[in-house]
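Tertiary structure, described
Listed here are the chains, written in short residue letters.
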Amino acid sequence: MSSPGRPRIHWTRADSVLLQGTLFLGLLLLSLSFLATLLWILAVVPAGAMGWMNEITVHHTSEVARAVPDVTLLADDVGVRGTDTLVLVFEDPGAPERLLLALPVLLQQVLGLVVVGLVLRMLQSLSSGDPFVPANVRRVYAVAFAVLLGSLLLPVVESVCDIALWQDRVPVDEVALLAFDLGLGSGPLTGFLVGLLLVSLAEVFRRGARMREDVEGLV
Amino acid sequence: MPPEEASGISIHLDKLLAERGMTLTELADRVGVSVVNLSVLKNGRARAIRFSTLAALCRALDCQPGDLISHDPD
């Protein structure tokens, strides 16, 4: 029984259209950025044309002095210290360097395309009236595993590519080999937790679809 | 769940309707189940039947569940 004060969620046709439109737009933008990345790897686009693509961020080891930014402080009760990161900018990367620089981005875009495409297909089945079908169970699981895989694989690929890029350019003893952000705001831990959440939802969806199959043909 | 072809359950709704001179639409009205669902039941395509539906059918057709459903293991 629903109490009068409880808010009700209604999924309308307008919601479906709005979400499908947003996802189509996302799919289009992702496809364009994927194409742009491929063109950048093939050196059709200049190295600096795609912003951060020709840059990598490396972390100092604690032994290296951090440069303090030149800033005028208006109060005495605060201090300033430099960050432990430095950005290497590749002015004219060759083909292997372009590939190493773009590989993590490319992987991210591929996973993004897979996830958005699958969600779009699920949403289309929602409009057809019967979303609890085995095909959608596979899609929810695929989305969950894509997110899990991305959260684990992306930092590894990024680190390996970064190491291959800086090892001949920066003294090895002055730079941290691996650096992960384990905060919940971003980084692999967030992706992993979202992946686990999606796996749980996928299992709920699988059981729902099985129950739906059970009541099919019930009179 | 065993496959429905192998269940050996037969529904004798058409025979009971003919004996009582009743149409499927009239039965649907009395029982409160849609004609489509009753048709599914009559043609042996149903995979399960609710006790409430069975009771309503027995009441409307003045019969016992055994008159409506039989099981042939072969």
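Details of the structure are given in the entry above.
Now for a look at the structure at hand.

**Observations regarding a nonpolar patch on the surface**
On the surface, Val68, Val71, Leu73, Val78 and Val80 of chain A cluster together into a nonpolar patch covering about 390 Å² of accessible area. Within the fold, Val80 of chain A resides in the loop between strand 1 (55-59) and strand 2 (85-89).

**A closer look at the layout of surface pockets**
Residue and element names in this part refer to chain A. In this structure, the largest pocket occupies an estimated 740 Å³ of space. Around the largest pocket, the lining comprises 30 residues; the ones closest to its centre are Pro155, Glu158, Ser159, Asp162 and Ala179. Residue assignment for the lining of the largest pocket shows that the elements contributing at least two residues are strand 1, helix 2 (95-127) and helix 3 (134-166). With 9 residues, helix 3 is the largest single contributor of residues to the lining of the largest pocket.

**Topic: the pattern of salt bridges**
All names here are of chain A. Counted according to the given criterion, the structure contains 5 salt bridges over all chains. Measuring nitrogen to oxygen at the nearest pair gives 2.9 Å for the salt bridge that ties Arg207 to Glu203. On the criterion of helical spacing, the pair formed by Arg207 and Glu203 is a turn pair, its members being 4 residues apart in helix 4 (residues 188-215). Ionic contacts of the salt-bridge type, sharing partners, join the residues Glu203, Arg206 and Arg207 into one network.

**What about unusual backbone geometry?**
You will see that Ala43 of chain A, though not glycine, has its phi angle at about 65°, which is positive. Within the element layout of this structure, Ala43 of chain A appears in the loop between helix 1 (13-41) and strand 1. Among the residues examined, Ala43 of chain A registers a relative accessible area of 46% and is labelled partly exposed. A positive phi angle, close to 50°, is found at Asp62 of chain B, a residue other than glycine. With respect to the helices and strands, the residue Asp62 of chain B is situated in the loop between helix 4 (51-61) and helix 5 (65-68). On the accessibility criterion, Asp62 of chain B (68% relative accessible area) is exposed.

**So, helix 1 (residues 13-20) of chain B**
All names here are of chain B. Among all positions of helix 1, only Leu13, Leu16 and Leu17 are buried. Down the axis of helix 1, the buried set is contained in an arc of 100°. They therefore lie on one face. Facing away from the buried side of helix 1 by more than 90 degrees, the exposed set consists of Ala18 and Glu19. Contacts made by the buried residues of helix 1 are with strand 1 (9-11), helix 2 (24-31), helix 3 (35-42), helix 4 and helix 5. Gly21 occupies a position one or two residues after helix 1 and carries a positive phi of about 60°.

**Digging into the environment of Leu193 of chain A**
Looking at the secondary structure, you find Leu193 of chain A in helix 4. Separated by 160 residues in the primary sequence, Leu193 of chain A and Ser33 of chain A have C-alpha atoms spaced 27 Å apart.

Reading the values: the criteria
Position numbers for residues count from 1 along each chain, tracking the sequence in the order it is written. A letter from A marks each chain and a number from 1 marks each ligand, given out in the order of writing. In view of the model being predicted, local features appear only for residues whose pLDDT reaches at least 70, and side-chain atom pairs are presented and counted only at 80 or more, with totals across whole chains, interfaces and linings using the full set of residues. Computation of side-chain values: all heavy atoms of the structure, hydrogens and water removed. Each patch is built from residues that are more than 30% exposed by relative accessible area and take part in no salt bridge. Like charges join if they lie within 9 Å; nonpolar side chains (Val, Leu, Ile, Met, Phe, Trp, Tyr) join within 5 Å. Residue exposure ignores everything except the shown protein chains as possible cover, and the areas themselves are Shrake-Rupley values with a 1.4 Å probe. Whenever Lys or Arg places a side-chain nitrogen within 4 Å of a carboxyl oxygen from Asp or Glu, that contact is recorded as a salt bridge. Helical segments are the DSSP runs of H or I of at least four residues, strand segments are the runs of E of at least two, and each set is numbered from the N terminus. Only protein atoms enter the 1 Å grid, on which a cavity is a set of points fitting a 1.4 Å probe that cannot get out and a pocket is an open set with protein on both sides within 12 Å along at least 5 of 7 lines, lining residues being those with an atom within 4 Å of a point. Grid points are joined across faces, edges and corners, and a volume is the space filled by probe spheres set on the points. For each residue, the accessible area found with a 1.4 Å probe, counting protein chains only, is set against the maximum for its type, and the residue is called buried under 20%, exposed over 50%, and partly exposed in between. Directions from the helix axis toward the C-beta atoms define the arc. In what follows, a contact means two residues having at least one pair of non-hydrogen atoms within 4.5 Å.

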